[in-house]
Amino acid sequence: MLRRRRISDVHAVAEVPSFASVAERHLDDVHGYLVYFTRDRDVAEDLTAETFEKALKQWRRFDPRRGSARTWLCQLARTVALDHFRAEDRRRRREGAYAAAEPGQPGDGLFGGLSPELERALAALSAGEREVIALRVLLDLDGDAAARVLGISVTSCSTRLSRALKKLEERMNADVAA
Amino acid sequence: MSPLNSEEIQAQIRSSSITASPELRARVRELAAAAPSAAPPRRELPWRRWSLVLVPACLAVALAASLAVGLATSDKDRQRSAAADEAKPTGTVFSTEAAHDAATLAAPPAAKTVGGAAGTGLRQQGRAQLYQSELTLKVKDLSTATKRVLRLTRSFNGYVKSVEYGSGSERGSAYIVVRVPIGSVQAALVKLSGFGTILDQHVSIQDVQPQFDKRFREMQGLRDQVAKLQAQLTAPTLSTDQRKALEDELVAARRQLITLQVAQARLQKQTSFATVEVDLRSSDKAVIVPVEPNRIQRALDRSGSILLDELKVVVYVLIVGAPLLMLAVLGFGSLRVRRRRTETRLLST
């Protein structure tokens, strides 16, 4: 079933939406983005809740004239996820364990019912690559909005996406050939 | 399965759906329920806009403050310099007899020095002296030099006593008599000497401390006499004639005391300010008579010097604070770079 998606994040919101309506509308978007980013559903759930807690505290700072609520929430989600990664990194260093934590196993619907080959290919990408795919493809954010979330230029964002997709294509095709 | 291209991969990703679990949805709904229903967001100005507002505001405040202070003090300066009566002496006036007896006996009654170069005639600190100096300068531009003398006098909180302009057929001249606070006279003379070539210079210092001390002793004696007479008048056994005689004596003593006090105060005022006679000469035939500035001009003058002082403070703060600021910026920059590197490393896994 196809989900209805916005074509682009337009800055056409003049009235101020309520937090509850924004949370209801964009919960799946934020959660999906975090699943792609962290490659772990459980972690993504916790981070999603944390994102909305943070969003509630900073709700008065949100200005609809500067961007859509979805972009703003994705920015917050990214910050929350990066804090999580840093904390995990510090913890692993303290414990002397340099091995990465075991992610959710691809192929069990981690990425929302994709083909097993595509799931494996996605899981093999780096977090940065998955993140740009989640923003540009899954959430269908335009170049400006995605670049704002990532904190990079539009050109860099496009380049990152192209590389990620190319890598995905190569892995999938290698998998299929194997 | 056939290989997929990029478009097909994207289409497949878009068609997928990741939904939040019911528990997560409930958790977020509970959170949202605590939020106000329609809280208007606060419009925050970015720091760049703040700086666009703050910098001109600070400049405007500095300017307004300097104008206000300049306006307020310009008239005060004028009153203070015009009326030598209000001026406070700087270390010469009333000296107690005990402290200055030895100095009084040892000091010469008058001292006159003549110097042709840079001698300013050092006055003795702590003594009452009548200080008079005459300075003859050759200047290139008489009008400018005259204005400078007047400005310098005001800057030392002095005042102009008289200005005379000569219009000889051969050359022009200006004779200016100014009064400058005794504590600043030496600095003023040094600066005046720099306005042109010194042709002649005289300094006259008359030590009037003995007069001060003598009068002080007399006043003290009279005060004692007054106290003694008052004590005598309280005696109940006095006859009418005796009482009358004592009262007459008391009145006379008081009158004499007041006379001495007035004379002492007059001398004090005279010794508070030094008289400097500046004779400017040039080959200019005519001289533009500088007009004594009005209050607005004086206020602007003063505001200008206050603004300059404010600028000096800002420059000083910048000079002292610049290395610290740079360190802070470098520290902040290096933290950001480190953070970015960590982020890149984490995102590449």
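Anything mentioned here points back to the structure above.
As the structure is a prediction and not an experimental result, all values here were calculated from the model. (Residues numbered from 1 in each chain as written. Chains lettered and ligands numbered in written order. Predicted model: local features only at pLDDT ≥ 70, side-chain atom pairs only at ≥ 80, totals over all residues. Heavy atoms only, no water.)

Participant: Where do I start with the overall build of chain A in this structure?
Facilitator: The number of helices and strands found in chain A is seven helices and zero strands. Secondary structure of chain A in N-to-C order comes out as α-α-α-α-α-α-α. For chain A, the proportion of its 178 residues judged to be buried stands at 50%. Within chain A, contacts between residues separated by at least 24 positions form 66% of all contacts whose residues are at least 6 apart in sequence. Total accessible area on chain A is roughly 8200 Å²; 49% of this is exposed by carbon and sulfur atoms. (Helix = DSSP H or I, 4+ residues; strand = E, 2+ residues; numbered from the N terminus. Buried < 20%, exposed > 50% of the residue type's maximum accessible area, 1.4 Å probe, protein only. Contact = heavy atoms within 4.5 Å. Areas by Shrake-Rupley, 256 points an atom, 1.4 Å probe, with all protein chains shown as cover.)

Participant: What's the story with the packing of aromatic side chains in this structure? I'm lost.
Facilitator: Residue and element names in this part refer to chain A. Counted according to the given criterion, the structure contains eight aromatic pairs over all chains. Ring centres of Tyr33 and Phe37 lie 5.7 Å apart, and the angle between their planes is 35°; this geometry places the pair in the tilted category. Here Tyr33 and its partner Phe37 are both found in helix H1 (residues 19-38), four residues apart, which amounts to about one turn of the helix. The same class applies to Tyr33 as to Phe37, namely buried. (Phe/Tyr/Trp six-rings, centres within 6.5 Å; stacked < 30°, edge-to-face > 60°.)

Participant: Help me understand the interface of chain A and chain B in this model?
Facilitator: When the parts come together, some accessible area is lost, and that loss is often what is quoted as the size of the interface. At the junction of the two partners, chain A supplies 62 residues and chain B supplies 42 residues. Together, the buried faces of chain A and chain B total about 4700 Å²; carbon and sulfur atoms form 59% of this surface. Across the pair B:Arg14 and A:Asp140 runs a salt bridge whose closest N-O atoms are separated by 4.0 Å. Summed over the shared surface of chain A and chain B, the result is 13 residue pairs in polar contact (both at pLDDT 80 or more). Of all the elements in the fold, those that place two or more residues in the side of chain A that touches chain B are H1, helix H2 (41-57), helix H3 (69-95), helix H4 (116-124), helix H5 (127-138) and helix H7 (154-177) of chain A. In terms of residue count, H1(A) provides more of the side of chain A that touches chain B than any other element does, 11 residues in total. In terms of residue class, the side of chain A that touches chain B is made up of 30 nonpolar, 10 polar and 22 charged. (Buried area = accessible area lost by both parts, 1.4 Å probe. Salt bridge = Lys/Arg side-chain N within 4 Å of Asp/Glu carboxyl O. Polar contact = N/O pair within 3.5 Å; in protein donor to acceptor, adjacent residues only side chain to side chain. Nonpolar A, V, L, I, M, F, W, Y, C, P; charged D, E, K, R; others polar.)

Participant: Just to check I follow, could you spell out the packing of H7(A) against helix H1 (residues 6-15) of chain B for this structure?
Facilitator: Axes are the key here: two packed helices are described by the angle between their axes and the distance separating the axes. Here H7(A) crosses H1(B) at 95°, and the two axes come no closer than 9 Å. Here H7(A) is positioned roughly perpendicular relative to H1(B), judged by the angle of their axes. Side by side, H7(A) and H1(B) meet where A:Leu165, A:Leu168, A:Glu169 and A:Met172 of the first sit next to B:Ser6, B:Ile9, B:Gln10 and B:Ile13 of the second. (Axes fitted to C-alpha atoms, helices over the stretch in contact; angles between N-to-C directions. Parallel < 35°, antiparallel > 145°, perpendicular 65-115°, else oblique.)

Participant: How should I be thinking about the nonpolar core in this particular structure?
Facilitator: Grouped burial of nonpolar side chains is what soluble globular proteins tend to show. Judged by nonpolar contacts, the single largest core of 65 residues is most densely connected at A:Tyr33, A:Tyr36, A:Leu122, A:Ile133, A:Leu135, A:Leu168 and B:Ile13. Judged by nonpolar contacts, the second largest core, of 26 residues, contains B:Leu137, B:Val139, B:Ala174 and B:Phe195. (Core = buried A, V, L, I, M, F, W, Y, C linked by side-chain atoms within 4.5 Å.)

Participant: Would you explain the packing of H1(A) against H5(A) in this entry?
Facilitator: All names here are of chain A. Two elements in contact, H1 and H5, have axes separated by 7 Å at closest approach and are oriented at 155°. In this view, H1 runs roughly antiparallel relative to H5, as classed from their interaxial angle. Pair H1 / H5 crosses with right-handed handedness. Counted together, Gly32, Tyr33, Tyr36, Phe37 and Thr38 of H1 and Ala127, Arg130, Glu131, Ile133, Ala134, Leu135 and Leu138 of H5 form the full contact between these two elements. (Left-handed = near helix turned anticlockwise from the far one by under 90°.)

Participant: Even after reading the chapter, I still don't get the environment of B:Arg243, so can you show me in this structure?
Facilitator: Residue and element names in this part refer to chain B. Positionally, Arg243 belongs in helix H8 (residues 240-272). Looking at Arg243, the relative accessible area reads 27%, which means it is partly exposed. Sequence-distant contacts of Arg243, defined by excluding residues within four places in its chain, comprise Leu233, Ala235 and Leu238.

Participant: Just checking my understanding: could you explain H1(B) for this structure?
Facilitator: Since there are 3.6 residues in each turn of an α-helix, residues three or four apart along the chain are aligned in direction. Of all the residues in H1(B), the buried ones are B:Ser6, B:Ile9, B:Gln10 and B:Ile13. Along the axis of H1(B), the buried positions cluster into a sector of 95°, meaning they face one direction only. In this structure, the buried side of H1(B) is in contact with H1, H4, H5 and H7 of chain A. One side-chain oxygen at the N-terminal end of H1(B) lies 3.2 Å from the backbone nitrogen of B:Glu7; it belongs to B:Asn5. (Arc of directions from axis to C-beta.)

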